[in-house]
Amino acid sequence: MTRPGLLRMVLRGLLRRCPWCGGRGAFFTGWFTKATHCRSCGLRWRRGDVGFELGAAAVAAMITLGPLVLALAIGMAITWPDIAVVPMLAVLVPAAVLLPLAVYPVSYTLWQAFDLTMRPVEPDDFDIGAIVGEDLDEGAGPEP
Ligand SMILES: [Zn+2]
């Protein structure tokens, strides 16, 4: 069980894939709904850590506020000294509402990549039974 490199896991996280195995859409069954484990490798979200969502929220704040602050700074620099407040608010306020919704799943998979780098994976972190059960359910033929 070798850990993928940080860059590889971050890229997988940015693509909303499982940072560990690269499974596509492995954790999310919808944009906002997630499974308890990766549907490809069985890795659980929570690996004995109850504060996982806090890390994901911090990542969401960083990848949301960073572009907003940058856009605000560029807008102020371009329109200085007569700062175009209303046009900037017309663009940035909707962006401040929509951007967190757009990056929601990526914030989880990206945080998962950092979490996997900081805390080594243990065999108990995988829910192999759920994966095997899903495969059996999908492969099962019609009931006799
Ligand atoms: Zn996985």
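Residues numbered from 1 in each chain as written. Predicted model: local features only at pLDDT ≥ 70, side-chain atom pairs only at ≥ 80, totals over all residues.

1. What to know about the nonpolar core
The tendency in soluble globular proteins is for nonpolar side chains to be buried side by side.
Right, so step 1: Of all hydrophobic cores here, the largest spans 17 residues; its most connected members are C18, W20, F27, C38, A56, V59 and W111.
Right, so step 2: Put simply, the parts of the chain that give this core at least two residues each are α2 (52-79) and α4 (104-118).
Right, so step 3: Here the element with the most residues in this core is α4; it accounts for five residues.
Right, so step 4: Filtering out sequence-adjacent residues up to four positions away, W111 remains in contact with G55, A56 and V59. (Core = buried A, V, L, I, M, F, W, Y, C linked by C-beta atoms within 7 Å. Buried ≥ 20, exposed ≤ 12 C-beta atoms within 10 Å, placed from the backbone. Helix = DSSP H or I, 4+ residues; strand = E, 2+ residues; numbered from the N terminus. Contact = placed C-beta atoms within 7 Å.)

2. Focus on helix α1 (residues 6-14)
Right, so step 1: When α1 is considered as a whole, its buried residues turn out to be M9, R12 and G13. Each buried residue of α1 sits inside an arc of 100 degrees when the element is viewed along its axis, so together they form one side.
Right, so step 2: R16 occupies a position one or two residues after α1 and carries a positive phi of about 65 degrees. (Arc of directions from axis to C-beta.)

3. Here we look at the confidence of the model for the chain
Right, so step 1: Taken as a whole, the chain shows an average pLDDT of 86; of its residues, 90% reach a score of 70 or greater.
Right, so step 2: The low-confidence segment residues 135-144, where pLDDT is below 50, has zero contacts with residues more than four positions distant or belonging to other chains. (pLDDT = per-residue confidence, 0-100.)

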